[in-house]
Amino acid sequence: MKKALEGVKVLDFTQYLSGPHCTSVLCELGAEILKVERPGSGEPERKAAPMTPKGESYQFFAYNRGKKSITLNMKNPEGLEIAKKLVAECDILVENFAPGVLEKLGLGYDVANSINPGIIYASISGFGQTGPRRDEVTYDMVGQAMGGLMSVTGYEDGEPLKVGVSLADYMGGYNASIAILAALHYRTMTGEGQQIDISMQDGIWAMVFPDRANYFDTMATPKRFGNKLSSSTPFGSYKAKDGYVVICTITDDQWQNVLKALGREDLSNDERFMTRVLRVKHMEEVEGILNDWLMERTVDEAVTELKKFKVPCSNVPTFDQVANDPQILHREMIVEVEQPLSGKVKLGGSVFKMSRTPGDRKQRIPLVGEYNEDIYSELLGYSEEDLEKLRAEGTI
């Protein structure tokens, strides 16, 4: 079976999460990823907890399966020359160093473009390659904070909260991969490569802004609503006798179905609740009606009754319950992969369910420098004597 990005070659100078996630998406869709690592130790994320009993990092597993590891010291002049030769052979270059680092090493966009005018050169950073914050050191939580996500996450009277996963990193990786795919299509039409500049702050702000766009009408600072939705009710997590129920209603018809489930059709024509806007104005009354009903029911009882009337709802499963959810298992979102040291390891499956070119997450991670000989000899023409010399000099 052919893959969607078969024949596309990516030079991967990424590390940690945002950049490796981007190139992992490209790899999953069939691109050949030449992952450049430090001679000897490899990428720092290889040592990130949690680790298997054999000392391999689950984080590294997540974002580096199927890539081809080569080692290269670009601070060595010969290493820089090798990197330039690789640029000439690749379609895409992805990096997530601090802005300017690769340029100082001698491989900025202008240099790469002069070598290969068709190169798509993607940079992912906290604040982007331009602007007053360009050089600030950034990790995921900073991106979440500075993108506005923490200002609207959590409860009004509590501390601001980050999301439970590294969302700024993920969005940086996803946005970069989307831009790269668009740039590949543009190059197909024109033959021209281009530079891509992805900011983690931009990615978070782009997600936060639509739900809080009315700020520019009211100039009132948005509040944190916890699990509620500021624009609709009932919408959120609500306490039943033995746990919590998630209920999501948007339309007026869904509200009528809630009333049917609650046995409160007597409120069907109550003027306070006739529209979504009116229900938000009377949120306390709406939620009071729901809470009175939930106090007398278990989670299972409540969910069963609500689903009878097609109210969007669910329980709030624990992590182990999600890991054993028959839907997750049916969709192959947990796969078993044979890793080089740890043996069979359960890892996340592919979200890309495509009829002709599905994503492939069943590949293993490479050992550090495992593909040095293949890439340097077969792609660039170095002899075994050349490689021995480069190893001795610490270049690879």
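Cut-offs applied
Residues numbered from 1 in each chain as written. Predicted model: local features only at pLDDT ≥ 70, side-chain atom pairs only at ≥ 80, totals over all residues. Heavy atoms only, no water. Buried < 20%, exposed > 50% of the residue type's maximum accessible area, 1.4 Å probe, protein only. Helix = DSSP H or I, 4+ residues; strand = E, 2+ residues; numbered from the N terminus. Arc of directions from axis to C-beta. Contact = heavy atoms within 4.5 Å. Core = buried A, V, L, I, M, F, W, Y, C linked by side-chain atoms within 4.5 Å. Salt bridge = Lys/Arg side-chain N within 4 Å of Asp/Glu carboxyl O. Pairing = 2+ DSSP bridges. Right-handed = clockwise from strand over helix to strand, strands pointing away. Axes fitted to C-alpha atoms, helices over the stretch in contact; angles between N-to-C directions. Parallel < 35°, antiparallel > 145°, perpendicular 65-115°, else oblique. Nonpolar A, V, L, I, M, F, W, Y, C, P; charged D, E, K, R; others polar.

Asker: Can you explain helix α16 (residues 372-379)? Please cite residues and give values.
Answerer: Within the span of α16, buried status applies to Asn372, Ile375 and Tyr376. Angular distribution of buried residues about the axis of α16 spans 90°; they occupy a single face of the element. If you follow the buried residues of α16, they end up packed against β2 (32-37), β3 (68-71), α3 (77-89) and α17 (384-392). Phi turns positive, to about 85°, at Gly381, one or two residues after α16.

Asker: Got a sec to walk through the nonpolar core? Specific residues and values, please.
Answerer: Grouped together as the largest cluster of nonpolar side chains are 28 residues, with contacts concentrated most on Leu11, Phe13, Ile82, Leu86, Leu93, Leu107 and Tyr376. When contributions to this core are tallied by element, the ones reaching two or more residues are β1 (9-13), β2, α3, α5 (109-115), α16 and α17. No other element matches α3, which puts 5 residues into this core. Each residue touching Ile82, except ones within four places of it in the same chain, is listed here: Leu72, Tyr376, Leu380, Tyr382, Leu390, Thr395 and Ile396. In this structure, Ala240, Val245, Leu259 and Cys313 belong to the second largest nonpolar core, which totals 22 residues.

Asker: I'd like to hear about the pattern of salt bridges, residue by residue, with values.
Answerer: Pairing between side chains becomes possible if they bear opposite charge and their charged atoms approach one another. Throughout the structure, instances matching the rule amount to 23 salt bridges. Note that Glu156 is salt-bridged to Lys223, the shortest N-O span being 3.9 Å. On the criterion of sequence distance, the pair formed by Glu156 in the loop between α6 (140-146) and α7 (167-190) and Lys223 in the loop between α9 (215-218) and β7 (235-239) is long-range, its members being 67 residues apart. For Glu370, the salt bridge is made with Arg364, and the minimal N-O distance between the two is 2.5 Å. Overall, Glu370 belongs to the partly exposed group, its relative accessible area being 30%. Among the residues examined, Arg364 registers a relative accessible area of 31% and is labelled partly exposed. Among the charged side chains, a network of salt bridges with common partners joins Lys9, Glu32 and Lys68.

Asker: How would you explain the pairing of β3 if you had to name every residue and give the values?
Answerer: Looking at chain direction, β2 and β3 are connected through 4 bridges and run parallel. Looking at β3, one finds that Leu34 is bridged to Lys68. Each parallel crossover has a hand, and the one from β2 via helix α2 (residues 58-64) to β3 is right-handed.

Asker: Please give an account of the packing of α7 against helix α8 (residues 200-208) that cites residues and values.
Answerer: Between α7 and α8, the least distance of the axes is 8 Å, while the angle of their chain directions is 100°. Judged by the angle between their axes, α7 and α8 are roughly perpendicular. When α7 is examined against α8, the residues Leu167, Ala168, Asp169, Met171 and Asn175 are found in contact with a partner set consisting of Met200, Gly203, Ile204 and Met207. Residue classes in the contact of α7 with α8 are distributed as 6 nonpolar, 2 polar and 1 charged.

Asker: Give a detailed account of the pairing of strand β4 (residues 92-95), specifying residues and quantitative values.
Answerer: Here β4 shows no split at all, with Ile92 and Val94 on one side and Leu93 and Glu95 on the other all buried. Here 4 bridges tie β1 to β4, and the two strands are oriented parallel to one another. Paired with Leu11 across the strands is Leu93, a residue of β4. Note: β4 against strand β5 (residues 120-125), 4 bridges, orientation parallel. The partner of Ile92 across the bridge, within β5, is Ile120.

Asker: Give a detailed account of the sheet that holds strand β6 (residues 194-199), specifying residues and quantitative values.
Answerer: Taken in spatial order, the 6 strands make up an open sheet running β3-β2-β1-β4-β5-β6, and their pairing is parallel. The sheet is open, and its two borders are formed by β3 and β6, each paired with just one other strand. Direction aside, the axes of adjacent strands within the sheet are offset by 20° on average. One ladder, built from 6 bridges, connects β5 with β6; its direction is parallel. Residue pairing in the sheet places Ile120 in a bridge with Gln194 of β6.

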